[in-house]
Amino acid sequence: MSVLPLVFTSGWASGINAYAVVLLLGVFGATGLTDEVPESLQRPDVLIVAGVLFLCEAVADKVPYVDSVWDTVHTVIRPVSGAVVGALLAGQSGSLSDLAAGAVGGSTALASHAVKTGTRMAINTSPEPFSNFVMSTAEDLGVGGIITFAMFYPEAAAIIAAVLLLIGLFLLFFLVSRIRRFLRRRAQRREEKLLAGRTGPPPPPP
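A brief structural summary. All figures in this text were calculated on a predicted structure; none of them were measured in a lab.

Even without being glycine, Tyr65 reaches a positive phi, approximately 70°. Within the secondary structure layout, Tyr65 lies in the loop between helix 2 (44–60) and helix 3 (66–93). Look at Tyr65 and you get partly exposed, because its relative accessible area is 21%.

Okay, here's the thing in structure tokens:
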């Protein structure tokens, strides 16, 4: 069970920024900082792809409404990534079955992804874009910090990730009204675009 804390922490972080997790774990493994990272995550092609996608997410995640679209697209990607990373970490150590590790990593990633997505929807109900940039930057720094911390103190990092996940779930409960407001606005925008497409542009003046 020694690898379980790292699996849990990587799953929580994958739900927020899966590409950063793959990139950081791969770099840590390739540089010899840890022996827990499998060679499949250290491959140069994996690191390059993860790096490029991380840069794309770093930009998209800081733009209001674009971040919510990006989160929607990654509703499947982040939990799957958390499950795959968890299974690979467990397969590397042999102390936890791949199936159980995948379930832990995937379910934790799904929970943290739900918190991230709901929080962003609530933030997008405010007219100013500054909060998106601050929140995204804090998430990037948090993922980087906790994954790095987990390399040296996996049990402590898992406890921190669990506390942050619980806080996020409670916060999500209190933000339900703002999330509903965001969904109504998005539905209204879709209806307006649909009506504009049906009616076409206004006729030119005589």
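The subject of this paragraph is the environment of Leu169. With respect to the helices and strands, the residue Leu169 is situated in helix 6 (residues 154–174). Beyond its immediate stretch of four places on either side in the chain, Leu169 contacts Ala111 and Val115.

Attention shifts here to the packing of aromatic side chains. When we look at a pair of aromatic rings, we describe it by the centre distance and by the angle of the planes. In this structure the tally under the stated criterion is two aromatic pairs. Centre to centre, the rings of Phe149 and Tyr153 are 5.2 Å apart; their planes meet at 40°, and the pair counts as tilted. Note on Phe149: relative accessible area 29%, which makes it partly exposed. Judged by relative accessible area, Tyr153 falls into the exposed class, the value being 51%. Ring geometry for Phe173 and Phe174: centres 5.5 Å apart, planes at 80°, overall edge-to-face. The burial state of Phe173 is the same as that of Phe174; both residues are exposed.

Let us now look at a nonpolar patch on the surface. Taken together, the side chains of Ile159, Ile160, Val163, Leu164 and Ile167 define a hydrophobic patch exposed on the protein surface, amounting to about 440 Å² of accessible area. Its place among the elements puts Ile160 in helix 6. The class of Ile160 is partly exposed, set by a relative accessible area of 40%.

So, about helix 1 (residues 4–30). For helix 1, built from 27 residues, the straight-helix expectation of 39 Å at 1.5 Å per residue is missed by more than 12%, its first-to-last C-alpha distance being only 21 Å. The sharpest bend along helix 1 comes to roughly 130°, located at Asn17. Here helix 1 lies mainly inside the structure; 22 of its 27 residues are buried. Gly32 lies just past helix 1 and shows a positive phi near 80°.

Okay, the environment of Ala158 next. Tracing the backbone shows Ala158 in helix 6. It is 6.8 Å that separates the C-alpha atoms of Ala158 and Leu6, two residues lying 152 residues apart in sequence. Ignoring sequence-local partners within four residues, the contact set of Ala158 consists of Pro5, Phe8 and Thr9.

What counts and how
- Residues numbered from 1 in each chain as written.
- Predicted model: local features only at pLDDT ≥ 70, side-chain atom pairs only at ≥ 80, totals over all residues.
- Heavy atoms only, no water.
- Helix = DSSP H or I, 4+ residues; strand = E, 2+ residues; numbered from the N terminus.
- Buried < 20%, exposed > 50% of the residue type's maximum accessible area, 1.4 Å probe, protein only.
- Contact = heavy atoms within 4.5 Å.
- Phe/Tyr/Trp six-rings, centres within 6.5 Å; stacked < 30°, edge-to-face > 60°.
- Patch = residues over 30% accessible without salt bridge, like charges linked within 9 Å, V, L, I, M, F, W, Y side chains within 5 Å.
- Areas by Shrake-Rupley, 256 points an atom, 1.4 Å probe, with all protein chains shown as cover.
- Salt bridge = Lys/Arg side-chain N within 4 Å of Asp/Glu carboxyl O.
- Expected span 1.5 Å × (residues − 1).
- Bend = angle between axes of the 7 residues up to and from the residue.

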